[in-house]
Amino acid sequence: YPLSLLMCDIDNLKGINDTLGHKRGDEYILACLDAIRSCIRKDDLIFRLGGDEFLVLLPKTPARVATSIDIKMQQQKNFSPHRIGISIGTVTLLSPDANFEASLTEADMEMYKVKAKRKEHL
């Protein structure tokens, strides 16, 4: 501990799939994973929860790495004209007594707040 949870949702995957095709959508998912991997350590864990949602577990790490992941995604230029990025909700558990499931729910809620703010700024 600390154990940080990053709930990640890829922004605008449907738009890319619908206009550029599913092959480009798959490339976008891989670009997002590359951005995540480039900002975490090899022993950190990434889980795919669904089509465009991922959970990242960062043992002994504060959650500030989320900003680095978003910056890496903003550097991608090959999915134009679509706005790209990853909405990330973060929670850091400070002790083994913390409720993991409640923390997952909190990270998920935070991720949806980030996603809503991004949609407001389009």
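Reference entry: report on the structure contained in this document. As the structure is a computational prediction, the values presented were derived from the model and not from experiment.

Scoring rules and cut-offs
- Residues numbered from 1 in each chain as written.
- Predicted model: local features only at pLDDT ≥ 70, side-chain atom pairs only at ≥ 80, totals over all residues.
- Heavy atoms only, no water.
- Pairing = 2+ DSSP bridges.
- Helix = DSSP H or I, 4+ residues; strand = E, 2+ residues; numbered from the N terminus.
- Axes fitted to C-alpha atoms, helices over the stretch in contact; angles between N-to-C directions.
- Expected span 1.5 Å × (residues − 1).
- Buried < 20%, exposed > 50% of the residue type's maximum accessible area, 1.4 Å probe, protein only.
- Arc of directions from axis to C-beta.
- Contact = heavy atoms within 4.5 Å.
- Polar contact = N/O pair within 3.5 Å; in protein donor to acceptor, adjacent residues only side chain to side chain.
- Nonpolar A, V, L, I, M, F, W, Y, C, P; charged D, E, K, R; others polar.

Here the focus is the sheet that holds strand β2 (residues 45-48). Spatially, four strands are ordered β2-β3-β1-β4 in an open sheet, and the strand pairing comes out antiparallel. Unpaired on one side and paired on the other, β2 and β4 (86-93) mark the two borders of the sheet. When strand polarity is set aside, the average angle formed by the axes of neighbouring strands in this sheet is 20 degrees.

Our focus in this paragraph is unusual backbone geometry. The omega angle of the peptide bond from Tyr1 to Pro2 is 10 degrees, so this bond is cis rather than trans. Residue Lys60 is not a glycine yet carries a positive backbone phi of 55 degrees. In this structure, Lys60 sits in the loop between β3 (53-59) and α3 (65-74).

Over its 21 residues, helix α4 (residues 100-120) runs 31 Å from end to end, which matches the ideal 30 Å to within 8%, given 1.5 Å per residue. If you check which residues of α4 are buried, you get Ser103, Ala107, Met111, Lys115 and Arg118. Within α4, the buried residues cover an arc of 120 degrees as seen down the axis, which keeps them to one side. In this structure, α4 carries Glu101, Lys117, Lys119 and Glu120 as exposed residues pointing more than 90 degrees from its buried face. Elements in contact with the buried residues of α4: β1 (3-10), β3, α3 and β4. The backbone nitrogen of Glu101 lies 3.1 Å from a side-chain oxygen of the residue at the head of α4, namely Asn99.

To continue, consider the packing of helix α1 (residues 13-20) against helix α2 (residues 22-39). Where α1 meets α2, the axes come as close as 7 Å, and the angle between the chain directions of the two elements is 145 degrees. Within the contact between the two elements, α1 uses Leu13, Ile16, Asn17 and Leu20 and α2 uses His22, Arg24, Gly25, Tyr28 and Ile29. Broken down by class, the residue content of the contact of α1 with α2 amounts to five nonpolar, three polar and one charged.

Of all the eight residues making up β4, six are buried; the element is thus mostly covered by neighbouring parts of the structure. Sheet analysis places β1 next to β4, joined by eight bridges and oriented antiparallel. Note that in β4 the partner of Leu6 across the bridge is Thr90.

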